[in-house]
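# Analysis of the macromolecular model
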Amino acid sequence: MIRASLLVLAAGADLAASDLAALPPAAERAVDFAKDIAPIFEKNCGKCHGAEKQKGGFRLDIKDRALHGGDNYAPNILPGKSAESPLIRFVAGLDPDMQMPSKGDPLTAAQIGVLRAWIDQGAAWPDDGANDPRKTHWAFQPVPRPALTTGIDSFISAKLSEKGLALSPEADRRTLIRRVSFDVLGLPPTPEEIEAFVADDDPQAYEKLVGRLLASPRYGERWARHWLDVVRFAESDGFETNQPRANAWPYRDYVIRAFNEDRSYDRFIREQLAGDALGADEATGFLVGGPTDRVKSPDPVLTANQRADELHDMVGTTGATFLALTVNCARCHNHKFDPIPQTDYYAMKAVFAGVQHGERPIRGAENAPRQREADALRPRLAEITTQLEQLAPLADPAAESARRAAVNSRRNVERFAPAQATRLRFTIAETNNGTEPCLDEIEVWTTDLHNVALNARATSSGNYAGDPKHQLAHLTDGQYGNGRSWISDTAGRGWVEIEFAAAATIDRIVWARDREEKYRDRTPERYIIEVRNGDGPWRALAGSNDRTTAPPGTPAAPEWDAPALAPAQREQAAKLDAERRDTEARIATLSANPTAYAGKFDAKPAETRRFHRGDPMQPKEVIAPAGLSAFAGFHLPADAPEQERRLALAQWIASPENPLTARVMVNRLWHYHFGTGLVDTPSDFGLNGTRPSHPELLDWLAGEFIARRWSMKAMHRLILTSATYRQASTPNPQAAALDASDRLLWRFPPRRLEAEALRDSILAASGQLDLRAGGPGFDLFEPNTNYVKVYATKTKFAAGDFRRMVYQNKPRVELDTLFGAFDCPDAGQIQPRRTVSTTPLQALNLLNSEFLLGQARFLAERLQREAGADPAAQVRRAFTLLFGREPHPEETVAATQLIAAHGLPVLCRALYNASEFITIY
């Protein structure tokens, strides 16, 4: 292999005379591919390099794959250069380590001569696509424009009629409202909603119901959970430490909001790939929603593999989510089935080369009202501050004893009788630690509340050199903190002078070393403040001689905590100061951009190279960012800016010309409405996926999706209002004999509630469901701060634990012991289709878990509250709450007997475990 690789690296160089002489001569006649070459490939090469198997990643039954080459030799065929083509060397047996065919008889000299002639004549290969299923594959064809048709039902009925079947009758109204409520909201309808719908004689009653449900904020919570399955979203890192991500939840809230707002699907795609450029910062949580190993290592091999795995997750999830293609299968070699060469994988990897796991400040949709609230608080803060400063004792530069509080690094007020001035000088004689004095801002306030120092001209005794954070101009720029301050160039002393634009009557000066309270060193302790009016003399207004001295290492008291103030004034000032601090903290919280685990972006991404066999330690040629070549992908230069890469990918995927995007999403919608998609491999539309049960319907839906401006709610209405969806779920033995899996949809397919809808419905029935939306989630696990996070399921619950399950802090590869048994995805990988199991553990959990026992007690209390003490009335209310119907007479008798023998909570446990409660019919 090593020798063969060296030969390929030397391709184009002169061949050894002995090697050239050993090659059979090229045939001297014209060669036809179909007649002369294809039979050689099919008979001698197909077993190892055909549709079923591709040793070394080399495939000889498809033109572009054959001419591209395999994992080790690319290309294997050099048109016009048969003697230099690795394929000829191998079939001629010139390399003992790489002989083809590896099994069976070697090619004859005549066959090799024909192959040589074909290559020398240009390796002509008819490109009619007849032998390439990837070019005729249904999912890779353009989406046709919607044809005039009666809609979904015509396609379903046509398929049924081929089998001699027909749609089932429409379900009764109680069944319909319960079905569509669970489907759209993930919650049961209330008894009152059921009765209103049953009694509504409007012919459009059902359509109105669908519209009301789609307008509910609960819709986004239900359908966001489906999407989070598809994109492997979780709120912990995975790997051995599996530490939580405290700020991953904004992506979950973004998805809920996008569904509720009916954000167009093309925009939804673009925002998740490049939301930082489109005003949806938190949407890029999609990119980093997968696992990352936070335990780093100095080992360069491990580090390179960790990074390669992170990018592999991004490439694979993007391809599966939006395109339903297994792009990740081309990491180490050309895709075995789909038209995705290894170079395409690395071209997509280059798109994400600048994306890093981590948090960043975001500008979410909720920021505008937060800023308005902060702005509304600022006038009150200014009012409080002025009142506090006016309570500060008057400075007395001639005083001989301390009467004011000690100097405070955060804020100092110098109050004095009104004085006319055009200049101010602040002279420092000593700092608290002997280093160069620092001032972050000097404010000079007039009697009519104007800061005449703001942006005024300043001069100084000398300025700290070499640090852009410490400039003289920062002294009067209105910005606080050490990061925008002035520092003298002399240890322990210095002066600054401020010249006002015009003469002003001033009565207060406010100054500080660092109003952000991060630093206390360099604080002036001995100083004097003087003013001058025009050409008049300098006059001292304040200084440090009347201030107390704080003990070393202790923070100084605020201005109002001074000996000169009366007790009543101190009490008033203390209240104002507390309100000031609370208001400042609230403004800071509202003004700060929240942080989200939405990825960080390198301005200059590292170059991307193809890895031989996917090994980061074996880099090959540089690969530029691009889309998939078989689907008219985009192409960017290798040094394209980071954000531009993701925008280009997003635009290409979201284009109506992309043959996959619309088909994939309408199939996902169909999948969640009926339990199975028209394509039952919803994240694999490639040659290894299944064919659609109704291909014409899928294409029609995709065309409608684009025509309806990518509106997901429009597609929901189309599906939900169809006769196909409204069918009864009643069994039909004749139809079942022909189509046991109901793929033709001769009835509505019943299915069990998923874990989240089951938990939410239990809480809704008991009256404990907390419908607070958004924000940090609740935890189903006991808190702990272990280095390796331990996930122990809670058995005791507080009120905050009864929110909808979509708001659970979702850990990766960890499931709670109760609802985890109901086939929740663990977010270890994408899960576009949940498994559905039936196990004893599910029944035992629903019967005996602490959660269920507690909810049974809550439900019993609700029944007693709403139905009174009569057992029969309690039974009727229980059945309407849990099943949406009145009990049959025999059910009432059995239930009241159970209450009499074992109590109301036991009946509640039994009803929670009924198949009718946990199944959508």
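A quick note: this is a predicted structure, and the numbers were derived from the prediction, not measured. Position labels on residues start from 1 in each chain and follow its written sequence. Note on the predicted model: pLDDT of at least 70 is required for a residue's local features to be given, and 80 or more for side-chain atom pairs to be given and counted; whole-chain, interface and lining totals, by contrast, use all residues. Calculated side-chain values reflect all of the structure's heavy atoms, with hydrogen atoms and water omitted.

The subject of this paragraph is the overall build of the protein. The way it works is that DSSP assigns letters per residue, a run of H or I at least four long becomes a helix, a run of E at least two long becomes a strand, and they are numbered from the N terminus. Within the protein one finds 31 helices and 16 strands. With respect to the three principal axes, the spread of C-alpha positions in the protein is 115 × 100 × 50 Å. Considering only contacts in the protein between residues 6 or more positions apart, those separated by 24 or more positions represent 73%. For the protein, the exposed area adds up to about 39200 Å²; of that, 54% sits on carbon and sulfur atoms. We call two residues in contact when some of their heavy atoms are within 4.5 Å. Computed by Shrake-Rupley with a 1.4 Å probe, the accessible areas treat only the displayed protein chains as cover when residues are assessed.

Both site types are read off a 1 Å grid over the protein atoms alone. A 1.4 Å probe that fits but cannot get out defines a cavity, while an open set with protein on both sides within 12 Å along at least five of seven lines defines a pocket; lining residues have an atom within 4 Å of a point. Grid points are joined across faces, edges and corners, and a volume is the space filled by probe spheres set on the points. In this structure the tally under the stated criterion is seven cavities of 30 Å³ or more. Approximately 60 Å³ is the volume attributed to the largest cavity. Together, E221, R222, R225, E756, A757, D760, R804, M805 and V806 line the largest cavity. Elements represented by at least two residues in the lining of the largest cavity include exactly α13 (217-230) and α25 (755-766). For the lining of the largest cavity, the class distribution of residues is three nonpolar, no polar and six charged. All residues other than Ala, Val, Leu, Ile, Met, Phe, Trp, Tyr, Cys, Pro, Asp, Glu, Lys and Arg, Gly among them, are scored as polar; the first ten of these are nonpolar and the last four charged.

Here we take up α25. One fewer than the residue count of a helix, multiplied by 1.5 Å, yields its expected span. Between its terminal C-alpha atoms α25 stretches 17 Å, which fits the 16 Å expected from 12 residues at 1.5 Å a residue. Residue exposure (1.4 Å probe, protein chains only): buried if accessible area is under 20% of the type maximum, exposed if over 50%, otherwise partly exposed. A large share of α25 lies buried, amounting to 11 of its 12 residues. Among the residues of α25, those classed as buried are A755, E756, A757, L758, R759, D760, S761, I762, L763, A765 and S766. G767, located one to two residues past α25, shows a positive phi value of around 85°.

Moving on, we get to unusual backbone geometry. Even without a glycine there, the phi angle at A632 is positive, about 50°. Following the sequence through the fold, A632 ends up in the loop between β14 (619-623) and α20 (642-653). A positive phi angle, close to 60°, is found at L745, a residue other than glycine. Examined against the element boundaries, L745 turns out to sit in the loop between α24 (733-738) and β15 (751-752).

On their own, these measurements won't tell you what the molecule is for.
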